[in-house]
Amino acid sequence: MGNDTGWKELNDRLFALGSWLYSGDNSRFDLKALFDSSSDQYRNMPVGQRKLILKELLFCGVDALFIANLDLGAPLDQLDMLNNTFQSASDDEFSNLDIHYPLNWFSGRPAGYFYERTGRDKLDGTFSCMNIIFELEVITQKLYRRLLDQPDVLVRKRLLYLIHSLNYPTHCSFPNDEYEPQLNSVEDKLLERMDAFPPETRVDYGIIELQAEDIRDELYPDYRDKKAKLVRDLYDAIERMDMKSLENLALSFYGARVIPREDQGPLTKEWLYSRVWNIAIRREMSKLRGVKLDLKPLSKYRLR
């Protein structure tokens, strides 16, 4: 087996399980930094970073024998050395390294970077569930079928994180726990039920976000009830053009504005309804108004 063939086999294995180590040009990490103790790469890589990558490889079924069989040359063909290195990944000192942490899928930093940082970077990103929803909204039929063939929700999630990272290398996924922990359950349930809306049947953008909202309502009745009250309060305030109430509810509108700028036309009920940013709230208010929910055409969004 030649070098190129060996690297392709490794990359194919990583992609199949949505590994954050995957890259199309083998540049995401260097095997010598993991196994060749005589190399500068090995000496310069922080120990925690190396252990995290080793754990990720093992999750993907890439063990010592797998690497030795890739025919990548010395020292990557030394089975005893490879075995010893992999065994070191199970040290208690590194038991808390979490290979499924969403920030691992950010390709704008070296693999394993986040466990070495000293504080939160100012990074461009969105919470994990939002990125999962977005990727499911615009998913291609090929990727959709790949996910359906993989019943493990965790692997489905990893694949979507990876796809998002590859398409948006400067945009990361923050953990839901830092925003709304409820979204962890919503994310998992959404991926369990993703067969409900195959991509070939969708023409509107927002269907998946609405499905996620329905799941959240189902799982968390308190959330559903609070949203129902907000819908009623917004509807009543707009219908009465009650400016005091609207100001109190301003966070429900784009830019927290309830007074249009000069270039946005006059203040009307229609303008206010169009400025409500939450798609699920717009849907419920459309029902109260007896009008069709206006969704943007999916064709305006990129499809891979």
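Look up a bit, the structure's there.
Note that the coordinates shown come from a computational prediction; the quantities given were computed from them, not determined experimentally.

Calculation criteria
Residues numbered from 1 in each chain as written. Predicted model: local features only at pLDDT ≥ 70, side-chain atom pairs only at ≥ 80, totals over all residues. Heavy atoms only, no water. Helix = DSSP H or I, 4+ residues; strand = E, 2+ residues; numbered from the N terminus. Buried < 20%, exposed > 50% of the residue type's maximum accessible area, 1.4 Å probe, protein only. Contact = heavy atoms within 4.5 Å. Areas by Shrake-Rupley, 256 points an atom, 1.4 Å probe, with all protein chains shown as cover. Lys, Arg positive; Asp, Glu negative; His and termini not counted. Charge placed at Lys NZ, Arg CZ, Asp CG, Glu CD. 1 Å grid on protein atoms, 1.4 Å probe; cavity = no way out; pocket = protein on both sides within 12 Å on 5 of 7 lines; lining within 4 Å. Points joined across faces, edges and corners; volume = space filled by probe spheres on them. Nonpolar A, V, L, I, M, F, W, Y, C, P; charged D, E, K, R; others polar. Core = buried A, V, L, I, M, F, W, Y, C linked by side-chain atoms within 4.5 Å. Expected span 1.5 Å × (residues − 1).

**Digging into the overall build of the protein chain**
Of the regular secondary structure elements, the protein chain holds 15 helices and four strands. Principal axes of the C-alpha set define a box for the protein chain whose edges measure 75 × 40 × 40 Å. Burial analysis of the protein chain (304 residues in total) assigns 47% to the buried set. Expressed as a percentage of contacts within the protein chain between residues at least 6 apart in sequence, the contacts between residues at least 24 apart total 68%. With the model as given, the accessible surface of the protein chain reaches about 15600 Å², and the carbon-plus-sulfur share is 50%. Averaging the positions of the 42 positive and the 49 negative side-chain charges in the protein chain gives two centres separated by 6 Å.

**Focus on the layout of surface pockets**
Quantified by volume, the largest pocket comes out at close to 1300 Å³. Along its surface, the largest pocket is lined by 43 residues, and E209, W277, N278, I279 and R282 are the ones closest to its centre. Where the lining of the largest pocket is concerned, the elements lending two or more residues are α7 (128–137), α10 (182–192), α11 (207–219), α12 (221–240), α14 (269–274) and α15 (279–289). Looking at side-chain class alone, the lining of the largest pocket contains 23 nonpolar, seven polar and 13 charged residues. Looking at the second largest pocket, its volume works out to about 200 Å³. As for the second largest pocket, its lining consists of 14 residues, and the residues nearest its centre are H100, Y101, P102, Y161 and N184. At the level of elements, α9 (153–167) and α10 are the ones that each hand at least two residues to the lining of the second largest pocket. Split into classes, the residues belonging to the lining of the second largest pocket amount to five nonpolar, four polar and five charged.

**What about the nonpolar core?**
Within the largest apolar cluster, 58 residues are counted, with the highest numbers of intra-cluster contacts made by F29, L31, L34, F35, I53, L57 and L136. The greatest single-element share of this core, amounting to seven residues, is contributed by α9. Dropping the residues within four chain positions of it, L57 is found in contact with L14, L21, F29, L34, V62 and F86. V231, L249, I281 and M285 belong to the second largest nonpolar core, which has 16 residues in total.

**What to know about helix α4 (residues 47–59)**
Compared with the 18 Å implied by 1.5 Å per residue over 13 residues, the 19 Å span of α4 between its first and last C-alpha is a close match. Taken across its 13 residues, α4 has 10 buried, putting it largely inside the fold. Among the residues of α4, those classed as buried are G48, Q49, R50, K51, L52, I53, L54, K55, E56 and L57. Residues of α4 that are buried sit in contact with α1 (3–16), α2 (32–35), α3 (40–44), α6 (79–88) and α9. Backbone geometry just after α4 places G61 at a positive phi near 80°.

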